[in-house]
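Overview (structure and organization)
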Amino acid sequence: MELSPVRYQRHIFVCVNEKDYGKECCGFKQGPEILQILRDHVNKSGLVGKYNITKSRCLGHCLQGPTIAIYPEGKIFVHVTVEDTKRIIEEFLR
């Protein structure tokens, strides 16, 4: 095993999971759209290498989705909407 240095200042995981029990999961709500908006911002703002936006499977808050996790802060946001991406960008992706 070898330790690798952290490459990013911040890493955001966006749940896009689609579980079998219905349309309550992040992937059936706005998870994929939220992922794309955040990725587009990082790419268009020249922030690639500083921030990483990763699609994720279940983050453990299925019925409260869409869910995102932000590290190194260790914050979990639930019930995230496309409209919330503006605040996420202002607070975490500048």
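Here, the structure is the one placed above.
Being a predicted model, the structure only gives us computed values, none of them experimental.

Reading the values: the criteria
- Residues numbered from 1 in each chain as written.
- Predicted model: local features only at pLDDT ≥ 70, side-chain atom pairs only at ≥ 80, totals over all residues.
- Heavy atoms only, no water.
- Helix = DSSP H or I, 4+ residues; strand = E, 2+ residues; numbered from the N terminus.
- Rg over C-alpha atoms; globule rule 2.2 N^0.38 Å.
- Buried < 20%, exposed > 50% of the residue type's maximum accessible area, 1.4 Å probe, protein only.
- Contact = heavy atoms within 4.5 Å.
- Areas by Shrake-Rupley, 256 points an atom, 1.4 Å probe, with all protein chains shown as cover.

A word on the overall build of the protein. Looking only at helices and strands, the protein has 2 helices and 4 strands in total. Along the chain direction, N to C, the helices and strands of the protein fall in the order β-α-β-β-β-α. Taking 12 Å as the expected radius of gyration for a compact globule of 94 residues, we find that the protein reaches 13 Å, a close match to that expectation. Dimensions of the protein, computed from C-alpha atoms along their principal axes, come out at roughly 40 × 35 × 20 Å. For the protein, with 94 residues in total, the buried portion stands at 35%. Partitioning the intrachain contacts of the protein with sequence separation of at least 6 by distance along the chain shows that 61% fall at a separation of at least 24. As displayed, the protein has an accessible area near 6,000 Å², and 51% of this comes from carbon and sulfur atoms.

What follows covers the environment of Leu38. Within the secondary structure layout, Leu38 lies in helix α1 (residues 31-44). Through-space distance from the C-alpha of Leu38 to that of Cys58 is 18 Å; in sequence the pair is 20 residues apart. With near-sequence residues (within four places) excluded, Leu38 lies in contact with Ile12, Val14, Ile53, Thr85, Ile88, Ile89 and Leu93.

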